[in-house]
Amino acid sequence: ERMLISSWEDMLKVAKEKNQKIWDSIIYRFESSEISLQKLYLYLSIIPFSIRLEINKHTEKIKQLGQQYSPKGMFSSCFVKTSDGHMVFVEKSNVYVTQKKYALVGGVFSKSELIINSGNDLFESVRREVVEELGVDKEHIIENILKMGYLTENWNVCFLFSVQLSLTKKELLERFKKYSDDEVKDLIFFTNENIKDSLNLFEIE
């Protein structure tokens with residue numbers, strides 16, 4: 001962790017030189033899960049996002065040391081769909097330091113932003129991400145379904161959601177231009193016909 005903190009401090013200096021923001025927070029870490037009486041129980045701990053991000057640079061070392069050293073930082077990725085059948089992806093701005101240019105809507109589960117005590121809190125965190133990144137209201141989210149969870153190649157845990165909006169592509173774009181945050185530069189749309197050919201542009205992570 002001392003090595004990771006030092007690396008993070010170097011990253012802060014570079015961000016300052018480039019006049020970029022860099023985000024940090026206490027986020028949730030996946031510990032274990034179990035299914036009982038048709039209910040899914042998640043057991044969580046916490047980890048600084050800065051540590052989680054820096055560990056991503058040492059995937060092979062984690063593989064050698066064992067999973068007890070893995071970050072297992074929890075985050076959401078959302079397949080968002082408009083009412084007229086368009087899948088929504090985002091183009092990241094350069095306001096914040098990021099290695100991604102394109103991504104699914106979503107983000108880490110941050111304890112600083114929302115304390116997760118129940119399953120509803122998990123879904124509420126996802127709704128907040130969709131609202132912030134796309135500029136919609138919660139009332140525009142008519143379906144929010146957890147599809148699966150998986151361990152990524154750099155030892156974090158993604159929860160994949162399917163989100164249905166009541167807005168058309170045109171209506172969503174109008175709201176995005178008025179109300180979205182500065183993390184997202186633009187929206188990108190695909191239909192069912194071309195989505196499979198285009199997924200290699202995006203990281204589901």
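When helices and strands are tallied, the chain shows 6 helices and 8 strands. In sequence order, the chain lays out its α and β elements as α-β-β-α-α-β-β-β-α-β-β-α-β-α. Whereas a compact globule of 205 residues would reach a radius of gyration of roughly 17 Å, the chain reaches 17 Å, a difference of no more than 12%. Dimensions along the principal axes, computed over C-alpha positions, put the chain at roughly 55 × 50 × 35 Å. Relative to its full complement of 205 residues, the chain shows a buried share of 43%. Contacts spanning at least 24 positions in sequence make up 64% of the contacts within the chain whose residues lie at least 6 apart. Surface accessibility of the chain: about 11,800 Å² in total, with carbon and sulfur atoms responsible for 49%. Charged side chains of the chain number 28 positive and 31 negative; the gap between the two group centres comes to 1 Å.

Cut-offs applied
- Residues numbered from 1 in each chain as written.
- Predicted model: local features only at pLDDT ≥ 70, side-chain atom pairs only at ≥ 80, totals over all residues.
- Heavy atoms only, no water.
- Helix = DSSP H or I, 4+ residues; strand = E, 2+ residues; numbered from the N terminus.
- Rg over C-alpha atoms; globule rule 2.2 N^0.38 Å.
- Buried < 20%, exposed > 50% of the residue type's maximum accessible area, 1.4 Å probe, protein only.
- Contact = heavy atoms within 4.5 Å.
- Areas by Shrake-Rupley, 256 points an atom, 1.4 Å probe, with all protein chains shown as cover.
- Lys, Arg positive; Asp, Glu negative; His and termini not counted.
- Charge placed at Lys NZ, Arg CZ, Asp CG, Glu CD.

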